[in-house]
Amino acid sequence: YQTVLAESEHLPDFLNIPTGLGKTAAIVMTWLWRRRFTSNLAIREKTPRRLIYCLPMRVLVSQTKKCVEFWLERLDLYNDYSVDGISVNVLMGGQKSIKVNDLDWDAHPENDMIIIGTQDQLLSRALNRGYSMSRYRWPVHFALLNNDAFWVFDEIQLMSSGLATSLQLEAFRKLHKPAVSCHSLWMSATIRKESLQTVDSENPDKKLWLSLSRSDNQIQTVTDKTRAAKPIIHAKTALTKENKNEYAKLASSEILEYCRNINRSFLIVVVNRVQRAVDIYKQLKKQIHNDGPEIYLIHSRFRPSERIFVEQKLNESPSEKGCVFISTQVVEAGVDIDAKILFTELAPWPSLVQRFGRCNRKGRYKSEETLVVWLDVDTSVDEYTLPYNSDQMNIARNVLNRLNGVDLETLSTTEVHYLEETTTVIRHKDLIDLFDTTPSLSGMDIDISRFIRDSDTLDIQVYWRNWDEWNKEGASQPPSQDIPAPDPEELCPVPVNIFSRWFSSKSKKLKNFAYVWDSLDRNWHSLNLQTIVPGKIILLHCEAGGYSEELGWSGDSTSVKPVATKIQFPLTESMNVDYRSVSRKWQTITDHTNDVIVSMVKLKDQLHSKTVQFPWDQLMIACRWHDLGKAHPAFQNMLKDVSSPPSENMWAKSDSINTRPDYWIKEGESKKIRRHFRHELASALAMMQSGLNDLPVYLVASHHGKIRMSIRSLPDEPVPDDGRRFARGVYEGDRLPEVYLGDKIKSLPIVLKLDVMEMGLGESGESWLQRMINLLNYFGPFALAYMEMLVRVADWRGSARIGDDK
């Protein structure tokens, strides 16, 4: 099946292959073969540059990354951000802080790359609301993940509402043709056709499927795994109302009986809730002596710095005395571990099938050596069945009661009658609404959490710091603005509902210990229940507690040891600051414009074969005019406040970084602050008044992700004394001088008008909103975002060229 997948003219839509038979290798090698090695040039050309590997759980991401990097190194292809090499990028939550002038994966649309991430991170970005990242980069990731991308959704039985969203996104890309085509593939050992039909997606029976062939089933490697013995018995212990307080102790005692038989092998315990895993781990630690097997706890609520140690143990050979892993669902899919003994709580049938795949995975153990033990759960109590549906668990119990073994051959012939589950489905109107990234007047964004996962599994990210060293006043004061930005290694995921309950119970203690960053006013705000939303990054003081290095998020520790971080620069995301656009020396608008044009020409040459019918001339116009607004007096004054320019000129950049700039103009003898000034709005208005097309006007306005579908003032902007229209620091009647833009193009002096910010027809014609809606309707959200991304990337690269050999 791996060969068929790689060499077929058309990629399948669904891959239905039993666990342990190389689905990950098949996908990665297929993409590599089709992109780099096949002699069929047509297939090479239509194979997307980006392989997006979407997984339902964090623990699977690290393992997949390790495998992919190993394969690429064997092929001598592993190379970050070079045209010939292939980079591997991970998205698991946590904002990756970017230093001045560094370029990240999203600045390389022309390169081949593999992006591996969780469905929370990837689907939120594909919906233009990326979790745990700068809101101003949302459109860039939206563009890159919906153009020139091969999406692979693994272990789809665990995706909940994310599965329907993935199907709908593929349907939307059929409706709105991307600038560069995409393809999606869904795979699992337990695919149910009923779950693959959504309101806009095509009937799954009309799509391409790939499963094991007759010849596959005759291969010794396959038969060794499909016929590997896995006898199953019912545990003596069950979770009931009567023994709920003793359940962990009783279960650990039963598990202990089997520990003497696991020399040089693994015993895995999979339970459905983190707290039960922690309780069983604690009980086993009390009962297993120093001469017994090693015991480890793994679940989703660890910081990477602690979790990576246990993940390494999962991938190592077991010790002489054996290893016991107490886990939640994080190991039930994709984790390549071969356990001799498996304990599992009752769960829905698809989840159980995945858990069975962790036992005797390679067929090394005889029937008398290996065993699956299932612990029953009283499904009449909702608290015990979470996060699952009790009806689905009852169905699974009925199936288990009639089985003596759970080898792959037996499972393939076992009939299971599923119940249909309701899920939230994203609609076309939602996609269009999400294209506009402007928050509401109350500062809120459209909530996409219902499209990503079931509501009780969505996470926030938490990290701990002692900010006393930055604050002379100590922890009684908010953190300093200079406190270093969060490092992904120190971020701990916690479900929103669990963190909210913990915060509510300790709100008095946490009054001065919990904060969130506000990008609008570039300051720390005290945390409240309304700001605890999926994807939010929350800073806690170490004295707030809540975390244990051994147990992960516990909610009851009194103090937390912070993770040592190498990051020394502060958070800078705000409406005022453009972190990617700072410079190492003074540069004029003309010189910077020429650098951006050079960068766009290079991008055009590298991408042209896939974008033949593409308005490159309009993108060039956008690059030529994008920084005209920096000639505005407010911007020039800001630069000159930071450092002294070498001469009188229209400057685009200074030689010093100002992380708290003040934009101002002089009115008479007074200095008037222009809070939230956006030079790109001034550029776009000047272009519109100069008669340029709306497409380059939009691309210029959006090239920092802060002015897009609408123009409006922000709540704390000073109101002009004379009642003029104003928005983002630009006032009606502001003047831009003549500016030379390079290539014999010179802008004329112009007086800016803002009538387009109002609804209806005005002196300048249609409103800004109507013009942008017209563009969105004509190009579609994916192609328009792709063009927006290219202009931004060209600007980033143009900024990075300063001082380089040109």
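Reading the values: the criteria
- Residues numbered from 1 in each chain as written.
- Predicted model: local features only at pLDDT ≥ 70, side-chain atom pairs only at ≥ 80, totals over all residues.
- Heavy atoms only, no water.
- Helix = DSSP H or I, 4+ residues; strand = E, 2+ residues; numbered from the N terminus.
- Rg over C-alpha atoms; globule rule 2.2 N^0.38 Å.
- Lys, Arg positive; Asp, Glu negative; His and termini not counted.
- Charge placed at Lys NZ, Arg CZ, Asp CG, Glu CD.
- Core = buried A, V, L, I, M, F, W, Y, C linked by side-chain atoms within 4.5 Å.
- Buried < 20%, exposed > 50% of the residue type's maximum accessible area, 1.4 Å probe, protein only.
- Contact = heavy atoms within 4.5 Å.
- Pairing = 2+ DSSP bridges.
- Axes fitted to C-alpha atoms, helices over the stretch in contact; angles between N-to-C directions.

Colleague: Hey, could you run me through the overall build of the protein chain in this one?
Modeller: Counting its regular elements, the protein chain contains 25 helices and 30 strands. Compactness check: the protein chain gives a C-alpha radius of gyration of 28 Å against a globular reference of 28 Å for 806 residues, within 12% of the reference. Taken along the three principal axes of its C-alpha coordinates, the protein chain extends 90 × 65 × 50 Å. Here the protein chain holds 101 positive side-chain charges and 104 negative ones, and the gap between their average locations is 1 Å.

Colleague: It is not clear to me how the nonpolar core should be interpreted in this structure. Could you clarify?
Modeller: Looking at soluble globular proteins, one finds that nonpolar side chains tend to be buried together. The biggest cluster of nonpolar side chains holds 123 residues, and the ones touching the most others in it are Leu 267, Ile 326, Trp 349, Phe 356 and Phe 499. Contacts of Ile 326, omitting those with residues within four sequence positions, involve Val 269, Ala 277, Ile 280, Tyr 281, Leu 284, Ile 295, Tyr 296, Leu 297 and Ile 298. Core analysis: the second largest hydrophobic core is formed by 107 residues, Trp 616, Phe 635, Val 793 and Ala 794 among them.

Colleague: Just checking my understanding: could you explain the environment of Leu 352 for this structure?
Modeller: Locating Leu 352 in the fold gives a position in helix α12 (residues 349-356). For the pair formed by Leu 352 and Met 393, sequence separation is 41 residues and the distance between their alpha carbons is 9.9 Å. Among residues more than four places away in sequence, those in contact with Leu 352 are Thr 344, Glu 345, Leu 346, Ala 347, Ala 396 and Leu 400.

Colleague: What should I look at first to understand unusual backbone geometry in this one?
Modeller: The phi torsion of most residues other than glycine is negative, and most of the peptide bonds are trans. Look at the link from Leu 386 to Pro 387: it is a cis peptide, with omega at 10°. Its place among the elements puts Pro 387 in the loop between α13 (382-385) and α14 (390-400).

Colleague: Can you help me understand the sheet that holds strand β14 (residues 459-465) in this one?
Modeller: Strands in a sheet are paired, the pairing made by backbone hydrogen bonds, and the direction either parallel or antiparallel. Sheet architecture is open: five strands sit in the order β15-β14-β18-β16-β17, paired in mixed fashion. Since the sheet does not close on itself, it has two edges, and those belong to β15 (492-495) and β17 (523-526), each with one partner. Here the average twist between neighbouring strands, direction ignored, is 40°. Across four bridges, β14 lies against β15 in antiparallel orientation. What sits directly across from Gln 461, in β15, is Pro 493.

Colleague: Is there a simple way to think about the environment of Ser 599 in this case?
Modeller: Of note, Ser 599 is situated in helix α19 (residues 589-607). A sequence separation of 192 residues divides Ser 599 from Val 791, and the C-alpha atoms of the two residues are 9.4 Å apart. Every residue in contact with Ser 599, bar those within four places of it in the chain, is listed here: Ala 794, Arg 797, Gly 798 and Arg 801.

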